[in-house]
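Descriptive analysis of the structure
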Amino acid sequence: MSSYAKELEIAQLAVQRAAILTKRVFHEKAKGTVSKDDKSPVTIGDFGAQALIIAALKHNFPEDEIVAEEEAAQLREDANLRSTIWDLVKGTSLSDADAEAVLGGPIKSEDDMLTFIDYGNSKGGAKGRIWAIDPIDGTKGFLRGGQYAVCLALMVDGDVKVGVLGCPNLPIDDAAPLTGGMESGQTDEGRGCLFSGVLDEGATSRPLTTGGLASSQKISMKAITDIAAASFCESVEAGHSSHGDQAEIAKKLGITNPSVRMDSQAKYASIARGAGDIYLRLPVKATYQEKIWDHAAGDLIVREAGGAVTDIHGKRLDFSIGRTLANNKGVVAAPTGAHAQVLAVVQEVLGIK
Ligand SMILES: Nc1ncnc2c1ncn2[C@@H]1O[C@H](COP(=O)(O)O)[C@@H](O)[C@H]1OP(=O)(O)O
Ligand SMILES: [Mg+2]
Ligand SMILES: [Mg+2]
Ligand SMILES: [Mg+2]
């Protein structure tokens, strides 16, 4: 029996339910994009998914703290936006009645929805049980029909114990070739994957469903025998990681395959299942602090699948100091056996040896 069996079940079902909502937003609605203070986009899907996940967590673990990306301030001022999101949230449930009941059933009112969204305001830290939520990671990918992920992780005393990634646009088949997006004309058929990891218990994938949990299989990273034949993933957005440095590193490693550009933590999931090999996220700006909700689940899933994840200085990602990874710069994720070699070239190219 897993030490975090209940947390894992709730987390997976909560992500699965939230993914139903994000898919509805994509297929049925104008996306309802609004700009945040930092000019990044947020959609009605981000708010709705965050409300549904937090409602499920509060029902099951009322004492736990939550660090989530979004807040309800804009919704409190904008009745139209608020009621559009409420319509979505109240109309989204798992089709399996038992699974829906485990999550506590529907949110009772529009006011409760706002309250749930704002429970995500914990400062994080090194003490106690804290969940990290990114309701839609890769909002830009979501908007353009590419990859995005619904992300949830549980940290206990600053250490990630459970991580779940719902990736509605990734192929179900772990062996499917690595692609960055939904090619035009593609349908949802054969897509939608739920990845999980529990510390010291491995990582799994299973198809996303609209009801209860499908059966899962273990995933593991591919061992790299010839680094020149490796494939590496990077952000689509050049503003999020340095395509130039990454290309130079790939070249120095002898990698000839073009990089696979993909939004969101779907990159962590893709290397964890062995579809890709390496994920590089090299800083563009020295001042940007990565957010814990952008990495907590992916970091654990990759490590549990046989990978190593560090920053550019070779330090493990430190989730214990608040809402950001203030002690880290960039991300280097690779199979354990190849990580040192990749990191050495990263440091050579960045001139930090
Ligand atoms: N300057 C930046 N450097 C690195 N990541 C960033 C930067 N600006 C935004 N992000 C975050 O990168 C994540 C997407 O990563 P990816 O490029 O791998 O798809 C988003 O969570 C996004 O945050 P936000 O949600 O605030 O837009
Ligand atoms: Mg965002
Ligand atoms: Mg994000
Ligand atoms: Mg987000």
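Residues numbered from 1 in each chain as written. Chains lettered and ligands numbered in written order. Predicted model: local features only at pLDDT ≥ 70, side-chain atom pairs only at ≥ 80, totals over all residues. Heavy atoms only, no water.

- As named in an unreviewed UniProt entry, the protein chain is 3'(2'),5'-bisphosphate nucleotidase, taken from Xylaria bambusicola.
- Note on the protein chain: under the UniProt heading Cofactor (unreviewed entry), the record states "Mg(2+)".
- Turning to the protein chain, the UniProt record has this under Function (unreviewed entry): "Converts adenosine 3'-phosphate 5'-phosphosulfate (PAPS) to adenosine 5'-phosphosulfate (APS) and 3'(2')-phosphoadenosine 5'-phosphate (PAP) to AMP." (UniProt positions renumbered as here; feature names shortened; annotations may be inferred.)

Topic: the overall build of the protein chain
- Helix and strand content of the protein chain: 11 helices and 14 strands.
- Rg of the C-alpha trace for the protein chain: 19 Å, near the compact-globule value of 20 Å for 353 residues, within the 12% margin.
- Principal-axis analysis of the C-alpha atoms gives the protein chain an extent of 55 × 45 × 40 Å.
- Split into buried and exposed, the 353 residues of the protein chain put 58% on the buried side. (Helix = DSSP H or I, 4+ residues; strand = E, 2+ residues; numbered from the N terminus. Rg over C-alpha atoms; globule rule 2.2 N^0.38 Å. Buried < 20%, exposed > 50% of the residue type's maximum accessible area, 1.4 Å probe, protein only.)

Some words on the pairing of strand β7 (residues 191-198)
- Across the 8 residues of β7, 8 count as buried, placing the element largely inside the fold.
- Side chains of β7 alternate between two faces, with Arg 191, Cys 193, Phe 195 and Gly 197 and Gly 192, Leu 194, Ser 196 and Val 198 buried alike.
- Across 7 bridges, the pairing between strand β6 (residues 159-171) and β7 is antiparallel. Bridge assignment links Val 162 to a residue of β7, and that residue is Val 198.
- Turn length for the β7-strand β8 (residues 202-207) hairpin, with the two strands adjacent in sequence and antiparallel, is 3 residues, and the turn residue Asp 200 shows positive phi of about 65 degrees. (Pairing = 2+ DSSP bridges.)

A word on the pattern of salt bridges
- The tally for this structure, following the rule as stated, stands at 17 salt bridges.
- Here Asp 188 and Lys 23 are joined by a salt bridge, their closest N and O atoms 3.7 Å apart. You can see Asp 188 sitting in the loop between β6 and β7 and its partner Lys 23 sitting in helix α1 (residues 5-28), a full 165 residues away along the chain.
- Owing to a relative accessible area of 25%, Asp 188 belongs among the partly exposed residues under this scheme.
- The shortest N-O distance in the salt bridge between Glu 237 and Lys 140 comes to 3.9 Å. (Salt bridge = Lys/Arg side-chain N within 4 Å of Asp/Glu carboxyl O.)

Some remarks on the environment of Val 284
- Note on placement: Val 284 falls in the loop between β12 (278-281) and α10 (296-304).
- Taking the relative accessible area as the measure of exposure, Val 284 reaches 47% and is therefore partly exposed.
- When residues no more than four places from it in sequence are discounted, the contact partners of Val 284 are Ala 238, Gly 239, His 240, Ser 241 and Ser 242. (Contact = heavy atoms within 4.5 Å.)

A closer look at the coordination of the magnesium ion (ligand 3)
- Distances from the magnesium ion (ligand 3) to its protein donors, namely Asp 134 (OD), Asp 137 (OD) and Asp 294 (OD), fall within the range 2.0 to 2.1 Å.
- Mapping the donors of the magnesium ion (ligand 3) onto the primary sequence yields the spacing D-x2-D-x156-D.
- Separating the magnesium ion (ligand 3) from the magnesium ion (ligand 2) is a gap of 5.0 Å. An identical accessibility class is assigned to Asp 134 and Asp 137; each is buried. (Donors = N, O, S within 2.8 Å, 3.2 Å for Na, K, Ca; no water.)

Some words on the site of ligand 1
- By nearness alone, 13 residues border ligand 1, and Ser 235, His 240, Ser 264, Lys 267 and Asp 294 come closest of all.
- One of the side-chain N or O atoms of His 240 is found 2.6 Å from an oxygen atom in ligand 1.
- Between ligand 1 and Tyr 288 there is a distance of 3.1 Å, counted from a nitrogen atom to a side-chain nitrogen or oxygen.
- Out of a free accessible area of 560 Å², ligand 1 has 88% covered by protein chains.
- Here the residues of the shell around ligand 1 sort into 1 nonpolar, 5 polar and 7 charged. (Near = heavy atom within 4 Å. Polar contact = N/O pair within 3.5 Å; in protein donor to acceptor, adjacent residues only side chain to side chain. Areas by Shrake-Rupley, 256 points an atom, 1.4 Å probe, with all protein chains shown as cover. Nonpolar A, V, L, I, M, F, W, Y, C, P; charged D, E, K, R; others polar.)

So, α10
- Counting buried residues in α10 gives 9 out of 9 residues, a clear majority hidden from the surface.
- The secondary structure elements touched by the buried residues of α10 are β5 (149-156), β6, β7, β8, α9 (266-272) and β13 (307-310).
- Directly beyond the C-terminal end of α10, a positive phi value near 100 degrees is found at Gly 306.

Things to note about the coordination of the magnesium ion (ligand 4)
- The coordination sphere of the magnesium ion (ligand 4), as far as protein atoms go, consists of Glu 69 (OE), Asp 134 (OD) and Ile 136 (O), spread over 2.0 to 2.2 Å.
- The motif formed by the donor residues of the magnesium ion (ligand 4), counted along the single chain, is E-x64-D-x1-I.
- Taken as a pair, the magnesium ion (ligand 4) and the magnesium ion (ligand 2) show a spacing of 3.4 Å, with Glu 69 coordinating each metal. Of this pair, Glu 69 sits in the loop between β3 (65-68) and α3 (73-77) while Asp 134 sits in strand β4 (residues 129-137); the two residues are 65 residues apart in sequence, bridging distant segments of the chain.

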